[in-house]
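Geometric and topological summary
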Amino acid sequence: MTTLTTAPMAPLLDRLFQEADAATSPAIGVLTRDERERLMRSKTEYLGLYRLMKDLWLPVSRETGVLLYMLARSSAARNIVEFGTSFGISTLHLAAALRDNGGGRLITSEFEPSKVARARRHLSEGGVIDLVDIREGDALKTLNADLPDAIDLVLLDGAKSLYPEILGLLESRLRPGALIVADNADYCPDYLERVRKPGGGYLSVPFAEDVELSLRLG
Ligand SMILES: C[S@@+](CC[C@H](N)C(=O)[O-])C[C@H]1O[C@@H](n2cnc3c(N)ncnc32)[C@H](O)[C@@H]1O
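Residues numbered from 1 in each chain as written. Predicted model: local features only at pLDDT ≥ 70, side-chain atom pairs only at ≥ 80, totals over all residues. Heavy atoms only, no water.

Looking at an unreviewed UniProt entry, one finds the chain named O-methyltransferase, with Taklimakanibacter albus as its source organism.

Here you go:
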């Protein structure tokens with residue numbers, strides 16, 4: 001029996017993944033594919049891009065969700081930081097793992113107020129809101145203070161171009177052996193260069209289809 005695979009979490013996640021699949025955003029249709037690709041890589045225009053996508057859920061895949069739960073369980077994580085909450089699908093997986101690890105704290109960050117409100121509702125429905133600190137605002141600011149002394153696991157899933165900067169905010173708090181999961185990191189070559197650099201303090205491999213999995217060395 002796990003929190004992830006039993007009620008209320010399991011039926012809730014089924015419902016939310018279905019809602020995520022059905023969501024549409026006419027606003028994003030105004031962008032050409034090339035323009036969207038360019039904005040995904042921009043370090044300055046991410047606010048406008050994500051505002052256009054505010055009705056899209058953009059969740060991790062079901063497989064990545066389960067992977068997050070497994071990594072958090074197997075590392076006995078108690079302190080987790082997430083960049084990019086959206087409607088809370090990845091947050092629910094991570095919080096379920098914290099519950100099954102005996103408790104802990106998940107700090108997550110989202111700058112779109114309507115998404116924060118929905119995520120809060122979903123976390124309440126899943127019975128894990130007590131484990132989660134949702135920080136509303138730009139993660140460059142909200143993840144710059146009041147962090148745990150030793151972070152066990154990080155999910156990077158906000159604006160891809162900011163992955164190096166967000167890692168920089170968290171790095172001194174990563175415990176040796178901490179795991180960093182970066183979704184769609186291919187959009188950020190400088191992040192991949194940093195975590196893959198020999199002698200750079202990480203072991204890092206591309207994992208599954210769209211994840212870079214890195215281990216903080218001691
Ligand atoms: C790919 S979605 C996250 C999906 C979520 N992890 C899940 O699996 O359901 C990225 C989210 O990050 C938010 N975001 C992007 N850049 C951000 C920033 N600098 N600070 C806070 N939130 C940000 C966006 O508004 C968007 O909701």
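Moving on from the coordinates now.
**With respect to the packing of helix α1 (residues 9-22) against helix α6 (residues 113-125)**
This is how the line gets drawn: For helices, the fitted axis covers only the stretch in contact; all axes are lines through C-alpha atoms, and the angles between them, taken along N-to-C directions, range from 0 to 180 degrees. The helix count covers DSSP runs of H or I at least four residues long, the strand count covers runs of E at least two residues long, and both are numbered beginning at the N terminus. Any angle that falls under 35 degrees is termed roughly parallel, while one over 145 is termed roughly antiparallel, one within 65 to 115 roughly perpendicular, and all others oblique. In this scheme, a crossing is called left-handed if the near helix is turned counterclockwise away from the far one by less than a right angle; it is called right-handed if the turn is clockwise. Contacts between residues were defined by any pair of non-hydrogen atoms, one from each residue, lying within 4.5 Å. Under the scheme applied here, ten amino acids are nonpolar (Ala, Val, Leu, Ile, Met, Phe, Trp, Tyr, Cys and Pro), four are charged (Asp, Glu, Lys and Arg), and all others, including Gly, are polar.
Packing of α1 against α6 brings their axes to within 10 Å, and their N-to-C directions diverge by 155 degrees. Judged on the interaxial angle alone, α6 and α1 are roughly antiparallel. The interaxial crossing formed by α1 with α6 has right-handed handedness. The segment α1 lies against α6, with Leu12, Arg15, Leu16 and Glu19 engaging Arg118, His122 and Glu125. Of the residues contributing to the contact of α1 with α6, the split by class is two nonpolar, one polar and four charged.

**A closer look at the site of the ligand**
Quick reminder of the rule: We call a residue near a given molecule or strand whenever any one of its heavy atoms falls within 4 Å of it. Identification of polar contacts relies on pairs of N or O atoms within 3.5 Å, with a donor-acceptor requirement for protein atoms, meaning one able to donate a hydrogen and the other able to accept it, and with residues adjacent in sequence counted only if both atoms are side-chain atoms. The Shrake-Rupley method, run with a 1.4 Å probe, gives the accessible areas here. Residue values count only the displayed protein chains as cover. In this analysis the probe radius is 1.4 Å and the grid spacing 1 Å, with only protein atoms considered; a cavity is a set of points the probe fits into but cannot get out of, a pocket is an open set with protein on both sides within 12 Å along at least five of seven lines, and lining residues have an atom within 4 Å of a point. By definition, a pocket or cavity contains a molecule when more than half of the molecule's atoms lie within 2 Å of the pocket's grid points.
Near the ligand there are 24 residues, and of these Gly84, Ser90, Glu110, Ala139 and Asp157 occur at the shortest range. Between a nitrogen atom of the ligand and a side-chain N or O atom of Ser90, the distance comes to 2.7 Å. A distance of 3.2 Å separates a nitrogen atom of the ligand from a polar backbone atom of Phe111. In isolation the ligand exposes 600 Å². Once the protein is present, 98% of that is buried. Structurally, the ligand is housed in the largest pocket. Among the elements of the structure, α3 (46-52), β1 (79-83), α5 (89-100) and β2 (105-110) are those that each provide at least two residues to the shell around the ligand. Classifying every residue of the shell around the ligand by side-chain character gives 12 nonpolar, seven polar and five charged.

**A look at the sheet that holds strand β7 (residues 211-216)**
Sheet strands pair by backbone hydrogen bonding; their relative direction is either parallel or antiparallel. Basically, it comes down to this: For two strands to be treated as a pair, DSSP must find no fewer than two bridges joining them.
Here we have seven strands laid out as an open sheet, ordered β3-β2-β1-β4-β5-β7-β6, and mixed in their pairing. Two strands lie at the open edges of the sheet, namely β3 (132-136) and β6 (202-207), each paired on one side alone. Strand after strand, the sheet turns through a mean of 15 degrees between neighbouring axes, direction not considered. This element, helix α4 (residues 62-74), spans β1, β4 (151-156), β5 (174-183), β6 and β7 of the sheet and lies at about 175 degrees to β5.

**With respect to unusual backbone geometry**
Test applied: Each residue gets one of three labels from its accessible area relative to the maximum for its type: buried under 20%, exposed over 50%, partly exposed in between, using a 1.4 Å probe on protein chains only.
With omega at 5 degrees, the peptide bond leading from Ala7 into Pro8 counts as cis. Summarising the element assignment, Pro8 is placed in the segment before α1. Even without being a glycine, Ala76 presents a positive backbone phi close to 50 degrees. With respect to the element layout, Ala76 can be found in the loop between α4 and β1. Given the relative accessible area of 49%, Ala76 is considered partly exposed.

**Thoughts on the pattern of salt bridges**
Threshold: A carboxyl oxygen of Asp or Glu within 4 Å of a side-chain nitrogen of Lys or Arg is what we treat as a salt bridge.
Taken as a whole, this structure holds 23 salt bridges when the rule is applied. For Glu112, the salt bridge identified is with Arg51, shortest N-O distance 3.5 Å. Within this pair, whereas Glu112 is found in the loop between β2 and α6, its partner Arg51 is found in helix α3, the two being separated by 61 residues in sequence. Judged by relative accessible area, Arg51 falls into the partly exposed class, the value being 44%. Bridged by salt links that share partners, the residues Arg15, Glu19, Arg118 and Glu125 form one connected network.

**Describing empty space enclosed by the protein**
Going by this rule: Grid points are joined across faces, edges and corners, and a volume is the space filled by probe spheres set on the points.
Considering all chains together, one arrives at one cavity of 30 Å³ or more under this definition. Looking at the largest cavity, the residues that line it are Leu39, Met40, Ser42, Tyr46, Leu49, Tyr50, Ala159, Lys160 and Ser161. Every element with two or more residues in the lining of the largest cavity is listed here: α2 (33-41) and α3. Among the elements that make up the lining of the largest cavity, the one with the highest residue count is α3 (three residues).

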